[in-house]
Amino acid sequence: MRTTIITGSGWIALLLGLSACGSSESNDSAPVQIIARTPVVVQTVGHGGISNSLTLFGTTLYLRRNAVTAPVAAFITKVYVSLGARVQTGQPLYELETKERRALGTLAIAGDSALIGRVTVQASSGGLITTFDKQQTGDYVLEGTQLCTIAEDNALAVQVNVPYEYQALARPGRSCRVRLPDGRTLTAIFTTPLTTVNALAQTQSVLARITQPVPLPENLTVQVDVTSQANAHAQLLPKTAILTDEMLREFWVMRLVNDSTAVKVPVQLGERTPSTVEVRSPIFGTSDRIIIEGNYGLPDTARVQVNPRKP
């Protein structure tokens, strides 16, 4: 029988070998921690000119209407106008005859008395006849009966539907261009924003007064072109790079601080187009990378994985 004797140094080598085996088995069984990263696409800030031209839609309406009423109880003897006719201030519209004059007939007609009992109703303002309530001669009307309605030419306006994010372009006093379906172009001035917003489209109605009197029908759909002042030296980013809160009050972008970390940076916006936004502050460097895809829902500090931009 053969016996093997292990010296002191041999024991040490054996113990180190067993320890190494145990350590290897322990490392193999330990779980590997994986850090999740959001795939994103980045872009540097561009520089150039921007001019925001926006095409909106609106409908025509008359802000002031004058109701023409009978000043006395009388019979209608003459009608000088028709529905849709254009009238001038002071133009005769109706001639009325009182029931007393009609009862007397020709008995009291002599000299100036021929005018007694006859009333001429005149237009109080120029415009279009939009309603024609009494158009038959011989009808008897009571005092205060509405005869017709005149829509004033100088009260023609367009009710423009403006997306709420572009309300700054429709501030009172700003001019716009109204394009009619027949190709004519008119100039209008924004005056009064209405107090309601369309819940579905999130558009606010703003009134724009047409500067020159033009005979247009109501409820005519027109195009309204709004142009803001151009900025020739602007910081430009794609619209997809801009994030905002639910109330559209705060705006920010996600900027990379290294190849795997992005942070939230609040920004102040300027002019906007359907695809590009001007960033007025802060001033970014030429090497700053801004996330333009994959930024929605990222926290203030996020781990990201930068992917190449699609051609």
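Anyway, here's the lowdown on the structure attached to this text. These numbers come from a predicted model, not from an experiment. (Residues numbered from 1 in each chain as written. Predicted model: local features only at pLDDT ≥ 70, side-chain atom pairs only at ≥ 80, totals over all residues. Heavy atoms only, no water.)

**Considerations on the side chain of T203**
Using the following cut-off: Secondary structure follows DSSP: runs of H or I at least 4 residues long count as helices, runs of E at least 2 residues long count as strands, and numbering of each begins at the N terminus. Note on contacts: a residue pair qualifies if any of its non-hydrogen atoms lie within 4.5 Å across the two residues.
With respect to the helices and strands, T203 occurs in strand β15 (residues 203-210). Discounting chain neighbours no more than four positions away, the residues touching T203 are N161, V162, P163, Y164, T196, V197 and N198.

**Brief notes about the layout of surface pockets**
Regions of empty space are outlined by a rolling probe, equal in size to a water molecule, passed over the atoms. Going by this rule: Here a cavity is any set of points on a 1 Å grid over the protein atoms alone where a 1.4 Å probe fits but cannot get out, and a pocket is any open set with protein on both sides within 12 Å along at least 5 of 7 lines; a residue lines the site when it has an atom within 4 Å of a point. Grid points are joined across faces, edges and corners, and a volume is the space filled by probe spheres set on the points. Just so you know the grouping, Ala, Val, Leu, Ile, Met, Phe, Trp, Tyr, Cys and Pro go in nonpolar, Asp, Glu, Lys and Arg go in charged, and all remaining residues, Gly too, go in polar.
Of the pockets and cavities examined, the second largest pocket occupies roughly 180 Å³. Around the second largest pocket sit P163, Y164, E165, V197, Q202, E246, M247, L248 and R249, which together line it. Class assignment for the residues of the lining of the second largest pocket results in five nonpolar, one polar and three charged.

**Focus on the sheet that holds strand β9 (residues 127-132)**
Rules: A strand pair is defined by DSSP finding two or more bridges across the two strands.
Spatial ordering of the open sheet is given by β4-β11-β9-β6, a layout of four strands whose pairing is antiparallel. Both edges of this open sheet fall to β4 (65-69) and β6 (86-87), since each of them pairs with a single strand only. As paired strands, β4 and strand β11 (residues 146-152) are joined by five bridges and run antiparallel to one another. Of the residues in β11, the one forming a bridge with V68 is C148.

**Observations regarding the pattern of salt bridges**
Filter applied, for reference: In the sections that follow, a salt bridge refers to a side-chain nitrogen of Lys or Arg positioned within 4 Å of a carboxyl oxygen of Asp or Glu. Buried, partly exposed and exposed residues are distinguished by accessible area as a fraction of the type maximum, computed with a 1.4 Å probe on protein chains only: under 20%, between the cut-offs, and over 50%, respectively.
Within this structure, the stated rule accounts for 10 salt bridges. Ionic pairing is found between R184 and D182, a salt bridge with its closest N-O pair at 2.8 Å. A relative accessible area of 40% places R184 in the partly exposed class. Taking the relative accessible area as the measure of exposure, D182 reaches 52% and is therefore exposed.

**A closer look at the nonpolar core**
Filter applied, for reference: Definition of nonpolar core: a set of buried residues of the types Ala, Val, Leu, Ile, Met, Phe, Trp, Tyr and Cys, connected through side-chain atoms within 4.5 Å.
Counting 26 residues, the largest nonpolar core has V160, V178, F190 and V224 as the members making the most contacts within it. Looking at this core, the elements with two or more residues in it are β3 (53-62), β12 (156-163), β13 (175-179), β14 (185-197), β15 and β16 (221-227). If you tally residues by element for this core, the top one is β12, at four residues. Not counting the four nearest positions on each side in its chain, V224 is found in contact with L54, T55, L56, V158, V160, C176, R177, V178 and F190.

**Some details on the packing of aromatic side chains**
Stated precisely, the cut-off is as follows: Any pair of Phe, Tyr and Trp rings, taking the six-membered ring for Trp, is counted once the centres come within 6.5 Å. Such a pair is stacked with planes under 30 degrees apart, edge-to-face with planes over 60 apart, and tilted for the rest. When the NZ atom of lysine or the CZ atom of arginine is within 6 Å of a ring's centre and also within 35 degrees of its normal, the charge is said to sit over that ring.
Under the criterion given, the structure shown has two aromatic pairs. Where F75 meets Y140, the ring centres are 4.8 Å apart and the plane angle is 55°; that geometry is what we call tilted. Placement of the pair is F75 in strand β5 (residues 74-79) and Y140 in strand β10 (residues 140-141), with a sequence separation of 65 residues. A cation over an aromatic ring shows up here: K264 above the ring of W252, its NZ or CZ 4.1 Å from the ring centre.

**Considering the sheet that holds β14**
Heads up, the rule is: All axes here are fitted lines through C-alpha atoms, helices being fitted over the stretch that makes contact, and every angle between N-to-C directions spans 0 to 180 degrees.
An order of β3-β12-β15-β14-β13-β16 is seen for the six strands of this closed barrel, with the pairing classed as antiparallel. Taken pair by pair, the neighbouring strands of this sheet meet at an average axis angle of 45°, ignoring direction. Relative to β16, β3 runs antiparallel, the two sharing seven bridges. Following the sheet pairing, G58 is matched in β16 by V222.

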